[in-house]
Amino acid sequence: MTTKILLFFSFLLTGPALFAADPLPADGDDGYRLWLKYEPVINASVKAEYLRFTAFVGNASKGEIVKSAAVELKTGLKNLLGKSVSVTNSFGNKTGGIVLRLDASNDQQDEGYHIALAGGNIVVSSKSESGILYGTFALLRHMQMQLPIENLKVASSPKVRYRMLNHWDNVDGTVERGYAGSSLWKWYELPEVIDPRYQDYARANASLGINGTVLNNVNASARFMSQEYIVKVAAIADVMRKYGIKTYLSVYFAAPKTLGGLSTSDPLDPQVRAWWKEKVAQIYKEIPDFGGFLVKANSEGEPGPQDYGRTHAEGANMLAEAFKPYEGIVIWRAFVYKADPRADRFKAAYEEFVPLDGKFDPKVIVQVKNGPIDFQPREPFSPLFGNMPKTPLGVEFQITQEYLGFAAHAVYEAPIFKECLNSDTYVNGQGSSVARVVDGSLHGYSRTLMAGVANTGSDRNWTGHPLAQANWYAFGRLSWDHELSSEQIAREWTALTLTRNQKAAESIVLLMLRSREIYVDYNTPLGLSRPWMGVHFAPEPWQNKGSRPDWTAVYYHRADSSGLGFDRTASGSNALAQYQPQVQKQWNNPDKTPLPYLLWFHHVRWDEKLSTGRTLWEELCTRFYTGADSVSWMRQQWDMAKGSLDEQIYASVAQRLEVQHREAIWWRDAWVLYLQTFARQTVPAGFEPPRQTLEEVKKSVNVYLIR
Ligand code: BDP
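Cut-offs applied
- Residues numbered from 1 in each chain as written.
- Predicted model: local features only at pLDDT ≥ 70, side-chain atom pairs only at ≥ 80, totals over all residues.
- Heavy atoms only, no water.
- Core = buried A, V, L, I, M, F, W, Y, C linked by side-chain atoms within 4.5 Å.
- Buried < 20%, exposed > 50% of the residue type's maximum accessible area, 1.4 Å probe, protein only.
- Helix = DSSP H or I, 4+ residues; strand = E, 2+ residues; numbered from the N terminus.
- Contact = heavy atoms within 4.5 Å.
- Pairing = 2+ DSSP bridges.
- Right-handed = clockwise from strand over helix to strand, strands pointing away.
- Near = heavy atom within 4 Å.
- Polar contact = N/O pair within 3.5 Å; in protein donor to acceptor, adjacent residues only side chain to side chain.
- Areas by Shrake-Rupley, 256 points an atom, 1.4 Å probe, with all protein chains shown as cover.
- Nonpolar A, V, L, I, M, F, W, Y, C, P; charged D, E, K, R; others polar.

> Which parts of the structure should I look at to understand the nonpolar core?
One recurring pattern in soluble globular proteins is that nonpolar side chains are buried together. Counting 224 residues, the largest nonpolar core has Trp 276 and Phe 293 as its most contacted members. The leading source of residues in this core is helix H20 (residues 647-679), at 14 residues. If we skip the residues at most four places from it in the chain, Phe 293 touches Met 225, Leu 249, Val 251, Trp 276, Val 280, Ile 283, Leu 319, Phe 323, Ile 329, Val 330 and Ile 331. With 5 residues, the next largest nonpolar core counts Ala 55, Phe 91, Val 99 and Val 123 among its residues.

Shown next as structure tokens:
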């Protein structure tokens, strides 16, 4: 045996154990293993087929990423088939192997892969090590789903180049809008202590094709730019690298002043520019494959170039210049809105960014939230998409459930992501979907980006709500291939994670697929938005006091004695004018606007007859009531799976659905009672009027405001 092979073996024997932090509790599944459970294949004929493959060959380079693939494959096969597979580096003419092959002539993109049955072997091939890792995970997914091996032929390339999670994690271990415990990153123990969980995190992401992670909150601390923290970040980056994941940091724009001691952070100041250049060089010394910066500037009180009379482009380009010698990029967020009482916040990002189209350095990607406001349960797509043809635009989705019931409500988000991606901007005629803006095919960008605000935390099951794991999964799968359907992803995730019982899976998948509409119905139907108080948890549609008008609920829903909704047509704020004429046509006429978007664009009279034949008031009540009632349907659906999945997970979800049911009624009552004071109508026949008074609901909400 050559030394090379020996080395390969010894790594496999001594390499870090998978899910090292996971001695599975004797009494069941605690959700830690996510969708990488590798439970024994139970379909006998499929298992027999898989068992034909007895060896795997790591004939690819012995780079770290291929080693990760090899470890994963070995562990996966052992658990799936109950049999250790041998590892060899040269397989000669034998058959029955799984071959990992680096292949420069592979016709897929760099990170893409082929899986094929060739000459009696399963061959996973790619131009790159990362591609081999992704192909390996895809093969294991195929096996976990117990799909037959015959005709195995997959060719897959990512549609988007930068597929990343954004963590809103703070230096003190808290997570902004995090509902699954505290941060995964243990800053006070780093760099010496490497929590084995970092590796499990990396594996989970790589299994979906995620190749980047921003470790810290967009409301960033300058501390991350200090040498002390760069070294800590480097320790995490060392783990991520083995799984093809690049590490990024959010930056505090005023760091030259607060950390560097300069008198200014003006992006045109030569000293400031030099400071950033040096800073970036310092980072690359510790992290040679550093991914880049994510920047929230001049937004919600964060500092930025406008503090010095400079534009977003000037700020971004200054940072881009610092990255010139490196591969790293600058991701500049377009989440901005000024405190102007006369303005429509909907229009703000467009107004600030469209004039800057063509002014950004090629190393900059502008990251745009899916909707124009802020991750509401339903929003129309942001009008920025398609309207900056000379600037790569990435999309930012929110996986964490800030406006979706935290970790208490079950809301499967793939339909939210898909709704945005499938929206047609009509910029270059029909078929100019947001997905085509984001994947670069519409305007020919090669730097393309999909980001998701992470929902992970220190909870044992990573996401708090067991079903919220599906949202992480769905984001990752869609960032690789936005054409996958919500249903396909839900089926995959359920089979990999919860149950292989077909009937149980059917009822869970149905629950997942309907969950978003149900949530919208009891929470913000017909295009309502933002009836939230400070903590974004409890209903507070009456909230009319805030430090600025757009930080009140009444600003958004505009209820009055005549009707409800925000007029964004020419007779109102005219935000609609930011869209192409074909889009305007869909939403301009209140009689033709699809009901899900109605109140986003129109102030509608209470007694206006809608396409359903009901008046606005009747339709709202119908939605609030059926939405809340549907949560009891969700509970029944979940109960149908009882006995077919782990008891602990079953109970956790069942209990959370109970909370969700109670809170859905709370939301319903708050809205109905409040809106009734304007509509002055009774709850339609067939629905039981709320048992509590408006004052009582207000009292129950106020509890959340008491210190
Ligand atoms: C809002 C969140 C806030 C974030 C902000 C952002 O409430 O915590 O800092 O978005 O995206 O949704 O910057």
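> Even after reading the chapter, I still don't get the environment of Asp 560, so can you show me in this structure?
As for its position among the elements, Asp 560 is in the loop between helix H16 (554-557) and strand E15 (563-564). Classification of Asp 560 as partly exposed rests on a relative accessible area of 30%. Sequence-wise, Asp 560 and Glu 618 are 58 residues apart; in three dimensions their C-alpha atoms are separated by 16 Å. The residues touching Asp 560, leaving out its near neighbours within four places in the chain, are His 603, Trp 606 and Phe 678.

> Got a minute to help me understand the pairing of strand E11 (residues 329-333) in this structure?
Two faces make up the sheet, and in a regular strand the side chains alternate between them. With 5 of its 5 residues buried, E11 lies for the most part within the structure. Every second residue of E11 is oriented toward a common face, with Ile 329, Ile 331 and Arg 333 on one face and Val 330 and Trp 332 on the other, all of them buried. Sheet analysis places strand E10 (residues 292-295) next to E11, joined by 4 bridges and oriented parallel. Bridging from a neighbouring strand, Phe 293 pairs with Val 330 of E11. Between the parallel elements E10 and E11, the chain passes through helix H9 (residues 312-323) in a crossover that is right-handed. Bridge count between E11 and strand E12 (residues 364-369): 4 bridges; the pairing is parallel. Residue pairing for E12: Ile 331 is matched across the bridge by Ile 365. For the handedness criterion, the β-α-β arrangement of E11, helix H10 (residues 348-353) and E12 is classed as right-handed.

> For this particular structure, what's the right way to read the site of the ligand?
Close contacts around the ligand come from 14 residues, with Glu 176, Lys 296, Arg 333, Asp 374 and Glu 402 the closest. In this structure, an oxygen atom belonging to the ligand sits 2.4 Å away from a side-chain N or O atom of Glu 402. Burial of the ligand by the surrounding chains reaches 97%, relative to a free accessible area of 320 Å². When its residues are assigned to classes, the shell around the ligand shows 4 nonpolar, 2 polar and 8 charged.

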